[in-house]
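Residue strings, one per chain:
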Amino acid sequence: MNTMVLNDGTVIPTVGFGVFQIPNDGSTYRAVRQALEIGYRHIDTAAAYFNEAEVGQAVRESGIPREEIFVTSKLWLQDHGYGAAKAGIQASLDKLGLGYIDLYLIHQPYGDVPGAWKAMEEAKTTGKLHAIGVSNMTPKIWNTFVPQFTVQPAVNQVEFNPFFQQRELRSVMAQEKTKLEAYFPLGHGSTALLTHPVVTALGEKYRKTAGQILLRFEVQEGCIVLPKSTNPQHMAENLEIFDFSLTPEEMDQLHALDTGKGSHDPDAPGVAEMLLSAYDVHA
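Overview of the structure.

Reading the values: rules and limits
- Residues numbered from 1 in each chain as written.
- Predicted model: local features only at pLDDT ≥ 70, side-chain atom pairs only at ≥ 80, totals over all residues.
- Heavy atoms only, no water.
- Helix = DSSP H or I, 4+ residues; strand = E, 2+ residues; numbered from the N terminus.
- Buried < 20%, exposed > 50% of the residue type's maximum accessible area, 1.4 Å probe, protein only.
- Phe/Tyr/Trp six-rings, centres within 6.5 Å; stacked < 30°, edge-to-face > 60°.
- Lys NZ or Arg CZ within 6 Å of the ring centre and 35° of its normal.

A closer look at unusual backbone geometry
Unlike most non-glycine residues, Q21 shows phi in positive territory, near 70°. Within the element layout of this structure, Q21 appears in the loop between β3 (17–18) and α1 (27–38). Taking relative accessible area as the criterion, Q21 reaches 60% and is therefore assigned exposed. If you check the backbone angles, Q166 has positive phi at about 55° while not being a glycine.

What to know about the packing of aromatic side chains
All told, the structure shown has 6 aromatic pairs when counted by the stated rule. Each ring, one from W117 and one from F149, has its centre 4.4 Å from the other, and the planes form 10°; the classification is stacked. Here the residue W117 occupies a position in helix α4 (residues 113–125), and F149 occupies one in the loop between α5 (139–145) and β8 (155–159), the gap between them amounting to 32 residues. Given a relative accessible area of 7%, F149 falls into the buried group. Geometry around Y100 places R66 over its ring, the cationic atom sitting 4.0 Å from the centre. The aromatic ring of F244 is capped on one face by R216, whose charged end is 6.0 Å from the ring centroid.

Quick look at the structure:
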């Protein structure tokens, strides 16, 4: 299993398996068990995915030692602030039932983020959380909150793919040696990206799928990738990206595809209110 080292020394598998929008009707349990059987050792969930319990059950019943599986979860907006975050962290720990969480993130960076972060720092000190990080932080949001933190984020999980390469953000994050975790690494199923002539030509050269070319580019850029699929063939293919490398010239061809825009703008007005009304982890 290919890994990276975070700024606090935590070792994280480079390719993770995400469970966003997989129902908690047994589907998440089955998908995680299958992912672990295929070879994944990094599972990414969140309180707002409403399937932490099934992720935990799948990990516990997999037969794989706990320390060999890296599990991420995330704190939702209703639990921002110091006291609420302490309760939210414990709720995630209880639902997962795994003793500790390898990586815990602030899912959406609005409201009392410093208070929530303080609770996460304390939980890291006590061993409940091994590493802590953030998600959906733009350069503007990063510069608002991160200078207030005592412990710097280990990761920032944001949208990233050749069409949206987050250059300004990565420059800001590099100062703290914070790793970028890429969601939508395949462009959220973007046909324009998956069928782009540069991508398909590289696929033909290396006898790889378009998705494998995109993931290889992102890993060579130093990112942790979270491709989403419940198709067993695609799940396996997404791990098979470490037997070839793109040349510097090919990397530059993909660098040239950057549009500077993604599908989600965390800086847009009203985003926090929209998210709060869309997901209620206490319902």
